[in-house]
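Chain residues, written in single-letter form:
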Amino acid sequence: MTTGQTGGQTGGGTIRVLVVEDDPVAADAHVLYVGRVPGFTAVGKAHTGAEARRVLDRTPVDLLLLDLHLPDVHGLQFARSLRAAGHQADVIAVTSARDLTVVREGVSLGVVQYVLKPFTFATLRDRLVRYAEFRGAAGEASGQDEVDRALATLRAPGPAALPKGLSAPTLERVTVALRDNTEGLTATGLAEVVGISRITARRYLEHLVDAGRAARSPQYGTVGRPELQYRWVSR
């Protein structure tokens, strides 16, 4: 298991995480998420590959929470350049892409986990806890079973659970609708587009806000109490 290029961290210490995410709102949310998981600390955030490289050159980092779609470089190209430069931090890739070719390529570059956007705090917490268990394994394995168990800690037992009453297919439809409407949508507007009730639409929208994937603001210019407008804030 690899450690940061400078000052490798031991199994009992705090795991130092650098958040690399081009969207400022999402980056802030990810930093907060990391800080809420015991045993992890966010040592910084970067919005481009170049900015991340500068942080890595001066700060010990054990783990990158790496967006694959950066404005100046693809995340996997960035990871490859880090390996060539001697940086050995592990990588959890954060992406909207579902291309399994990309997943396979990432394995050879130290990508130990993939987290698909949008995700909740619970999803990231699960990945970080599993990574910490895997990283903390030490000593000599007694046999194949023990090696298999160590590797299995990186694999989630199944899809991350959504809040009660929400479903993955509907969340996907809501996500697509919100992305496609660059001006934003109200719960009423989303309900009409997706074909669900306004109350249900509001629940999905609030879930995306909690996940750092949407922002809400009052919609003025309407009679009575202004309805909230929701806008997608990350690719």
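Since the model is a prediction, treat every value here as computed from it, not as a measurement.

**Observations concerning the pairing of strand S3 (residues 63–67)**
Next up, step 1: Among the five residues of S3, five are classified as buried, and the element is accordingly described as predominantly covered.
Next up, step 2: Neither face of S3 is open: one carries Leu 63, Leu 65 and Asp 67, the other Leu 64 and Leu 66, and all of them are buried.
Next up, step 3: Note that strand S1 (residues 15–20) and S3 share four bridges and pair parallel. In the strand pairing of S3, Leu 18 is matched with Leu 64.
Next up, step 4: As paired strands, S3 and strand S4 (residues 90–95) are joined by five bridges and run parallel to one another.

**Points about the sheet that holds S3**
Next up, step 1: Strand order in this open sheet of five strands is S2-S1-S3-S4-S5, and the pairing throughout is parallel. Only two strands of the sheet have a single partner each, and these edge strands are strand S2 (40–46) and strand S5 (111–116). Within this sheet the neighbouring strands show an average axis-to-axis angle of 20°, counted without direction.
Next up, step 2: The sheet strands contacting helix H2 (residues 49–58) are S1, S2 and S3, and the helix crosses S1 at an angle near 160°.

**Overview of the packing of helix H7 (residues 168–180) against helix H8 (residues 187–194)**
Next up, step 1: Packing of H7 against H8 leaves a shortest axis separation of 10 Å and a crossing angle of 115°. The crossing of H7 and H8 is right-handed. For the pair H7 and H8, the contacting residues are Arg 173, Val 174 and Ala 177 in the first and Leu 190, Val 193 and Val 194 in the second.
Next up, step 2: The residue makeup of the contact of H7 with H8, split by class, is five nonpolar, no polar and one charged.

**Side note on the side chain of Asp 23**
Next up, step 1: Within the secondary structure, Asp 23 is located in the loop between S1 and helix H1 (24–35).
Next up, step 2: Residue Asp 23 is classed as buried on the basis of its relative accessible area, which comes to 14%.

**What to know about the pattern of salt bridges**
Next up, step 1: Here the structure, examined in full by the defined rule, presents eleven salt bridges.
Next up, step 2: For Arg 16, the salt bridge is made with Asp 62, and the minimal N-O distance between the two is 2.9 Å. A residue pair is termed long-range when its members are at least 10 positions apart, and Arg 16 in strand S1 and Asp 62 in the loop between H2 and S3 qualify at 46 residues. As far as burial versus exposure is concerned, Arg 16 and Asp 62 are alike and both buried.
Next up, step 3: Measuring nitrogen to oxygen at the nearest pair gives 3.1 Å for the salt bridge that ties Glu 21 to Lys 117. Linking Glu 21 in the loop between S1 and H1 with Lys 117 in the loop between S5 and helix H5 (121–136), this pair joins segments that are 96 residues apart in sequence.
Next up, step 4: In this structure Glu 21 comes out as buried when scored by relative accessible area, which is 1%.

**Some thoughts on the sheet that holds strand S8 (residues 227–232)**
Next up, step 1: An order of S6-S8-S7 is seen for the three strands of this open sheet, with the pairing classed as antiparallel. The two strands at the open ends of the sheet, each matched to only one other strand, are strand S6 (185–186) and strand S7 (214–219).
Next up, step 2: Note that S6 and S8 share two bridges and pair antiparallel. Bridging from a neighbouring strand, Leu 185 pairs with Tyr 230 of S8.
Next up, step 3: Across the face of the sheet, H7 comes into contact with S6, S7 and S8 while running at roughly 90° to S8.
Next up, step 4: Contacting S6, S7 and S8, helix H9 (residues 198–210) crosses the sheet at an angle of about 50° to S8.

Cut-off values and rules
- Residues numbered from 1 in each chain as written.
- Predicted model: local features only at pLDDT ≥ 70, side-chain atom pairs only at ≥ 80, totals over all residues.
- Heavy atoms only, no water.
- Buried < 20%, exposed > 50% of the residue type's maximum accessible area, 1.4 Å probe, protein only.
- Helix = DSSP H or I, 4+ residues; strand = E, 2+ residues; numbered from the N terminus.
- Pairing = 2+ DSSP bridges.
- Axes fitted to C-alpha atoms, helices over the stretch in contact; angles between N-to-C directions.
- Contact = heavy atoms within 4.5 Å.
- Left-handed = near helix turned anticlockwise from the far one by under 90°.
- Nonpolar A, V, L, I, M, F, W, Y, C, P; charged D, E, K, R; others polar.
- Salt bridge = Lys/Arg side-chain N within 4 Å of Asp/Glu carboxyl O.

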